[in-house]
Protein chains: 2
Amino acid sequence: MSDRAPRTQGVPPAGAAGPRRKVYVSDPEWPTIRVPFTEVTLGAALGTGAPPAEPPIRLYDTSGPGSDPVHGLPPLRHPWITSRGDVEEYEGRPVAVRDDGRAAARRSAPGARAVPGAADPAAPRWPGHGRQPLRACTTSGGGRRPVTQLHYARAGVITEEMRFAALREGVRPEIVRDELAAGRAILPANVNHPESEPMVIGKRFLVKVNANIGNSSVTSSVADEVDKLSWATRWGADTVMDLSTGPDIHTTREWIIRNSPVPIGTVPIYQALEKADGRPEDLSWELYRDTLVEQAEQGVDYVTVHAGVLLRYVPLTAERVTGIVSRGGSIMAAWCLAHHEENFLYTHFDELCEIMAAYDMAFSLGDGLRPGSVADANDEAQLAELRTLGELTEVAWRHEVQVMVEGPGHVPLHKIAENVTLQQEVCHEAPFYTLGPLTIDVAPGYDHITSAIGAAVIGMHGTAMLCYVTPKEHLGLPDRDDVKQGMIAYKIAAHAADLAKGHPGAQRWDDALSKARFEFRWEDQFNLAVDPDTARSYHDETLPAAPAKTAHFCSMCGPKFCSMRISHDVREYAASRGIPVGVAVDEGMKQKAAEFLEAGASVYVAAERTRAR
Amino acid sequence: MSDRAPRTQGVPPAGAAGPRRKVYVSDPEWPTIRVPFTEVTLGAALGTGAPPAEPPIRLYDTSGPGSDPVHGLPPLRHPWITSRGDVEEYEGRPVAVRDDGRAAARRSAPGARAVPGAADPAAPRWPGHGRQPLRACTTSGGGRRPVTQLHYARAGVITEEMRFAALREGVRPEIVRDELAAGRAILPANVNHPESEPMVIGKRFLVKVNANIGNSSVTSSVADEVDKLSWATRWGADTVMDLSTGPDIHTTREWIIRNSPVPIGTVPIYQALEKADGRPEDLSWELYRDTLVEQAEQGVDYVTVHAGVLLRYVPLTAERVTGIVSRGGSIMAAWCLAHHEENFLYTHFDELCEIMAAYDMAFSLGDGLRPGSVADANDEAQLAELRTLGELTEVAWRHEVQVMVEGPGHVPLHKIAENVTLQQEVCHEAPFYTLGPLTIDVAPGYDHITSAIGAAVIGMHGTAMLCYVTPKEHLGLPDRDDVKQGMIAYKIAAHAADLAKGHPGAQRWDDALSKARFEFRWEDQFNLAVDPDTARSYHDETLPAAPAKTAHFCSMCGPKFCSMRISHDVREYAASRGIPVGVAVDEGMKQKAAEFLEAGASVYVAAERTRAR
């Protein structure tokens, strides 16, 4: 195996035994459906010796079953897909060396044929099984049957995928089916990605987070990208987009998909451009279609398609502060201007839909003209394209293809709500999938924060999925730690939105942690945290010893001045002496005051300790 | 000097010469008023060789003139204060050893007298000048003249302080005066803190950020705290609160105030409790009053006073998930219950106001019953106290004392706006000063982010100052890096709010950085960034060589696939060929398409590069 091959490293267990561990929950009626959760078992209140007062807390878990990357994940969905009887195996498109990009093509003889498992013989070939691809069976009319979750939902069928996703969300499967049928949600599930654990993206469900990975011509290897994939899902990525533009594009994607428990998205125009040797004007519908089929056969679950960048919209961007900021948008703009023809993705959109429907690939309609600075937010270029995306949404739905719609980008806080309102109206409530948005432009190095602010707010207003932004945004490609920082910031934003939307069950998590905080159950606080490792290490920096984790005080105030400790005492005082709750203190309390003094006279308070005032 | 004494280290210069440097701008009519700014000189567009297209950008600067900590800062405001002829020097309250806390008292003989510059002889004594304190002159009626900025504003006088703050904000001084007179803004400026550079807190002005520092009984030294002060103001702290509860409280505060270019806030009840040996029930109005005068003489600019924690409100917290979470609130609740008497801060509020007015110390009316978890947000305990704070605001205003009002805490996103609306209504538009709020409870280790989300949103709705939260919130005391991380997150939140409020000039900063980004002026991007060091180092991780900073591409896409580069080409193409801007492309463009191909055929785009799609 080349030194560019992935390290043999499974997904780190969420805590194999211990109080934070992975469990599988089955649908009682469908025992073959086993849905993963992170389960946190809570401890007893300190000093009571009593069993835990609260049942375990189950958290949504995206980390997958774990695997050795060279073998890939088990094909969980394969029996479900084949049992529906609507797909067939076929030989598939021949893989060519240039599928791995320009560098691969240059390294090889002209017209060289790829070896199985790697387009480029020099690339770290995928060593796992080589399944033949599936696609929809043909119908008597000569077309192909739609095999999409949208098709089944409209037909009133609850698929195993819907059932799985419903159990994950804690809702009835009928809700998933109905939201899919209405186009208000998607369940990305390419028939060639059986390894994925089904999930649903829509405003009635938990807000989801996408993590972008992918190499470029100057950085990164296949191994790095597979490692980032596992790392991202460990920290909660609900989907991952592979945005590679560098060498070994095809092969990198094969490794990623075979190891991914979450849906994988791509931007096929990036690979098509590689095949056109980087010259946008040499792109063509035929080249693009071939690339789309290539990716559909590998199992890409959703693709960003910049079909809304129309020729007539391009000049609307000329006076912007930051022009066109979408890479895909710029490529299509260049093509349109070079040929003075309408965007071929727009003119061939029906044909595109037919391909998508045959594999159940979902659209992520790209916002190629999204604003790249707060100055350009909500301008005519952006809104003109949005209207076209609304039109294309309806076309896709006619083909029973699932659709979500991408959104900005850079938007100041007061213009965020309008983005969701307009998109929901213009795109007939198709799920919105936004990049941040960044609420200011002046904090390079911290754009995970500038955008987590925008993401939380746009999520509250109904955005279904948030595309994360890492600290390296605008500056470089994210490394492993950047992926984690971006993920955590976005899990925070998504959960803030879930709470604000009143998602059933969301607040249970906060309440469990807050109660643990109030009762000084430090281990429970760590285990319930979005990032247990960091919470524990920050605590231990000041008070590392084990007894500190069972002490009735913490490092901020020390043992003698802990407002949380005082707070408990007051609560106990109130309870033991029957002080009425929620009413004014009555005269009878004068006697109780004396008792309180006798009893030790300190007051309960759950301290905001580092800056309590 | 003991090893606990501050390191001799000046404020790091913002860039003494170079393109990012400190400048002073004078009011043409008042040349003695020199207001500091960070000025960023912009470079030319790459490859043009032309002079900068844009004038320099001036940013608000809180870092102060820099000093050697052992000498303190020059007393900038001293001539302004004395020239008003309303204050007099006096001997001041004798400093006692117990002013430095319980540990100091235990170390010393009973009743020992402090040496000048340090209450505790074992503490690292303040070696700078020992000015006699100032306070308001008496009037013929036997009271003291109010010397507050509110008093002058109501009288129609524009003080030097108001003029300074107005120039800093970029507004006319009449606006500052009128906002102060209406109570909608405060200008914290104790006559005994002449070192401070005047600033104004109010919803019509830039949103401000407070940084908390302070030791506790288990961590930190005087040197650490002075270092954190300078570090916090370097990163933009508009005010700093010293929340020390550990040893050397009095002496630490002396070092901090003498070195602080920003207003200093405290919570006097913390020190009073130290003097009461940590027993809330032993507190008394007399002890508190003595502590307040002690701090007024040192120059504390504003104090948190938990006068709204009334006896009858305490039981309202008993059923909460997290009880009382304010340390000050818990102390007063304990006192009320122990004595079954009304809060002495409430019953002595008029007397309190008289002391505040004599030094121009401002109130920060504390929200001792603020929620400590999202479950407790906006509950009756919180709102009952808020109504009392509204009542006390009017009392303070009758004494011509400046007032701001503190707010939560932990609030889910959808309940944030209501907090501002209610506070502004109930407290007659007195400035709101909130702690975050944290929008979720489950991310210990990342509460600078969970709360920056809430802070940005509450700032947009009209909160005047945001109290930062560091990554160590709930886990430990912040170290130097935590202070920086908290400050950056909150400068981001504050600027996001400024943009959303349409503060004049706020967007100029973003536009300057975005233009630099679009034109690949990397050095300008770094120099304009909230944190130039981090932006530069992230960029250099991938492309460290100097030429990379003048290249028309960056590390994300590499030289051949840069959408930003393409974007420029399109713009040039459009401009040079007279393509009409903002209208649909006409038929005449067919010819232009051919020209575009001849000219090289690539398209301008300012890339969202790490995850462009």
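These numbers were taken from a predicted model, which means no experiment stands behind them.

### Observations regarding the overall build of chain A
- When helices and strands are tallied, chain A shows 21 helices and 15 strands.
- Sequence separation of at least 24 residues holds for 73% of the intrachain contacts in chain A that already meet a minimum separation of 6.
- Carbon and sulfur atoms provide 52% of the accessible area of chain A, an area that totals close to 18600 Å².

### Observations concerning the sheet that holds strand β10 (residues 264–266) of chain B
All names here are of chain B.
- An order of β8-β9-β10-β11-β12-β13-β14-β15 is seen for the eight strands of this closed barrel, with the pairing classed as parallel. Put simply, the sheet's adjacent strands are angled 25° from each other on average, direction ignored.
- The pairing of β10 with strand β11 (residues 302–305) spans two bridges and is parallel. By the bridge assignment, G265 is partnered in β11 with Y302.
- The strands touched by helix α13 (residues 380–398) are β12 (362–365) and β13 (403–407); relative to β13, the strand with the most contacts, the crossing angle is about 165°.

### Thoughts on the sheet that holds strand β3 (residues 57–60) of chain A
All names here are of chain A.
- If you walk across this open sheet you meet the three strands as β1-β2-β3, and the pairing is antiparallel. Each edge of the open sheet is held by one strand with a lone partner, namely β1 (20–27) and β3. Neighbour-to-neighbour, the strand axes of the sheet open up by a mean angle of 50°, direction not taken into account.

### Topic: the nonpolar core
- Membership of the largest hydrophobic core comes to 284 residues, with the highest contact counts inside it found for F363 of chain A together with F363 of chain B.
- Beyond its immediate stretch of four places on either side in the chain, F363 of chain B contacts V303, V305, F349, L352, C353, M356, A396, V401, Q402, V403 and M404 of chain B.
- V171, V176, V200 and F205 of chain A belong to the second largest nonpolar core, which has 15 residues in total.

### Section: the side chain of S364 of chain B
- When you line up the elements, S364 of chain B lands in strand β12.
- Not counting residues within four places of it along the chain, the set of residues in contact with S364 of chain B comprises Y302, V303, T304, V305, M404, E406 and Y433 of chain B.

### Observations regarding the pairing of β12 of chain B
All names here are of chain B.
- Residues A362 and S364 line one face of β12 and the alternating positions F363 and L365 line the opposite face, and both faces are buried.
- Here four bridges tie β11 to β12, and the two strands are oriented parallel to one another. Considered in β12, the bridge of T304 is made with S364.
- With three bridges joining them, β12 and β13 adopt parallel strand pairing. Bridge pairing in β13 places L365 opposite V405.
- For the crossover that starts at β12, traverses α13 and ends in the parallel β13, the hand is right-handed.

### As for the environment of R168 of chain A
All names here are of chain A.
- Mapped onto the elements, R168 comes out in helix α4 (residues 160–169).
- Here the alpha-carbon distance between R168 and G130, two residues 38 residues apart in the chain, equals 30 Å.
- Reaching out from R168, the side chain makes a polar contact with the backbone oxygen of E197 at a distance of 3.2 Å.

### Description of the packing of helix α9 (residues 285–298) of chain B against helix α12 (residues 349–359) of chain B
Residue and element names in this part refer to chain B.
- Between α9 and α12, the least distance of the axes is 10 Å, while the angle of their chain directions is 10°. Looking at the two axes, α9 sits roughly parallel to α12. The residues of α12 that touch α9, namely those facing W285, Y288, R289, L292, V293, A296 and E297, are E351, L352, I355, M356 and Y359.
- Residue classes in the contact of α9 with α12 are distributed as nine nonpolar, no polar and three charged.

### Some points on the confidence of the model for chain A
Residue and element names in this part refer to chain A.
- Here chain A averages 86 in pLDDT, while 81% of its residues score no lower than 70.
- This model gives residues 1–15 a pLDDT under 50, and the stretch forms 38 contacts once residues within four places in sequence are excluded.
- In this model, residues 580–589 is a region of pLDDT below 50 whose contacts with residues beyond four sequence positions or in other chains number 18 contacts.
- Across the whole predicted complex the pTM is 0.91, and at the interface the ipTM reaches 0.90.

### What to know about the packing of helix α16 (residues 480–501) of chain B against helix α17 (residues 506–518) of chain B
Residues and elements named next belong to chain B.
- One can describe the packing of α16 onto α17 by two numbers: an axis separation of 8 Å at closest approach and a directional angle of 110°. Regarding the angle of α16 to α17, the classification is roughly perpendicular. Viewed along their axes, α16 and α17 form a crossing whose handedness is left-handed. Of the residues in α17, those touching α16 at H495, D498 and L499 are A506, Q507, W509 and D510.
- Classifying every residue of the contact of α16 with α17 gives three nonpolar, two polar and two charged.

### Quick word on the pattern of salt bridges
- Under the criterion given, the structure shown has 88 salt bridges over all chains.
- One salt bridge in this structure joins E160 of chain B and R84 of chain B, with 3.8 Å as the shortest N-O distance. Linking E160 of chain B in helix α4 (residues 160–169) with R84 of chain B in the loop between α1 (78–83) and β4 (87–89), this pair joins segments that are 76 residues apart in sequence. Accessibility assignment for this pair places E160 of chain B and R84 of chain B in one class, buried.
- Of the charged contacts in the structure, one is a salt bridge between E195 of chain B and R258 of chain B, with a shortest N-O distance of 2.7 Å. Taken as a pair, E195 of chain B in the loop between β6 (185–186) and β7 (201–202) and R258 of chain B in helix α7 (residues 249–258) lie far apart in primary sequence, 63 residues in all. Comparing E195 of chain B with R258 of chain B shows no difference in burial state: the two are buried.
- Here the salt bridges do not stand alone but share partners, grouping R93, D99, R253, K275, D290 and E294 of chain A into one network.

### Quick word on the environment of K472 of chain B
- One can find K472 of chain B in the loop between β15 (465–467) and α16.
- The spacing of K472 of chain B and D447 of chain B is 25 residues in sequence and 7.6 Å in space, taken between C-alpha atoms.

### Overview of the packing of aromatic side chains
Residues and elements named next belong to chain A.
- What the rule picks out here adds up to 16 aromatic pairs over all chains.
- Centre to centre, the rings of W285 and Y288 are 6.3 Å apart; their planes meet at 25°, and the pair counts as stacked. Of the two residues, W285 and Y288 are both situated in helix α9 (residues 285–298); the distance of three residues between them amounts to about one turn of the helix. Each of the two residues, W285 as well as Y288, counts as buried.

### Considering unusual backbone geometry
- Looking along the chain, the bond that leaves P408 of chain A and enters G409 of chain A is cis, with omega of 0°.
- If you check the backbone angles, H428 of chain A has positive phi at about 55° while not being a glycine.
- With relative accessibility at 31%, the residue H428 of chain A sits in the partly exposed group.
- Here the phi dihedral of E429 of chain B falls at roughly 70°; this positive angle occurs in a residue that is not glycine.

### What about α4 of chain B?
Residue and element names in this part refer to chain B.
- Within α4, nine of the ten residues are buried, which leaves it mostly tucked inside the rest of the structure.
- Every buried residue of α4 is listed here: E160, E161, M162, R163, F164, A165, A166, R168 and E169.
- With its phi angle positive at about 75°, G170 sits one or two positions after the end of α4.

### Considerations on helix α8 (residues 268–275) of chain A
- Taking burial as the measure, the eight residues of α8 of chain A include eight buried ones, the bulk of the element.
- P268, I269, Y270, Q271, A272, L273, E274 and K275 of chain A are the residues of α8 of chain A that are buried.

### Considering the environment of N527 of chain B
- Mapping N527 of chain B onto the fold places it in helix α18 (residues 522–528).
- Residues contacting N527 of chain B, with those up to four places away along its chain left out, are P19, R20, V40, P532 and R536 of chain B.

### Topic: the pairing of strand β13 (residues 403–407) of chain A
Residue and element names in this part refer to chain A.
- Burial of β13 is extensive: five of the five residues sit out of reach of the surface.
- Residues V403, V405 and G407 of β13 are buried on one face, and the alternating residues M404 and E406, pointing to the opposite face, are buried as well.
- By the bridge criterion, three bridges tie β13 to strand β14 (residues 432–435) in an arrangement that is parallel. In the sheet register, V405 faces β14, and the bridge partner there is F432.
- This β-α-β element, β13 to helix α14 (residues 416–426) to β14, shows right-handed connectivity.

### Remarks on the side chain of Q525 of chain B
- Examined against the element boundaries, Q525 of chain B turns out to sit in helix α18.
- Sequence-distant contacts of Q525 of chain B, defined by excluding residues within four places in its chain, comprise P444 of chain A together with L513, A516, R517 and F520 of chain B.

The rules we used
Residues numbered from 1 in each chain as written. Chains lettered and ligands numbered in written order. Predicted model: local features only at pLDDT ≥ 70, side-chain atom pairs only at ≥ 80, totals over all residues. Heavy atoms only, no water. Helix = DSSP H or I, 4+ residues; strand = E, 2+ residues; numbered from the N terminus. Contact = heavy atoms within 4.5 Å. Areas by Shrake-Rupley, 256 points an atom, 1.4 Å probe, with all protein chains shown as cover. Pairing = 2+ DSSP bridges. Axes fitted to C-alpha atoms, helices over the stretch in contact; angles between N-to-C directions. Core = buried A, V, L, I, M, F, W, Y, C linked by side-chain atoms within 4.5 Å. Buried < 20%, exposed > 50% of the residue type's maximum accessible area, 1.4 Å probe, protein only. Right-handed = clockwise from strand over helix to strand, strands pointing away. Polar contact = N/O pair within 3.5 Å; in protein donor to acceptor, adjacent residues only side chain to side chain. Parallel < 35°, antiparallel > 145°, perpendicular 65-115°, else oblique. Nonpolar A, V, L, I, M, F, W, Y, C, P; charged D, E, K, R; others polar. pLDDT = per-residue confidence, 0-100. Left-handed = near helix turned anticlockwise from the far one by under 90°. Salt bridge = Lys/Arg side-chain N within 4 Å of Asp/Glu carboxyl O. Phe/Tyr/Trp six-rings, centres within 6.5 Å; stacked < 30°, edge-to-face > 60°.

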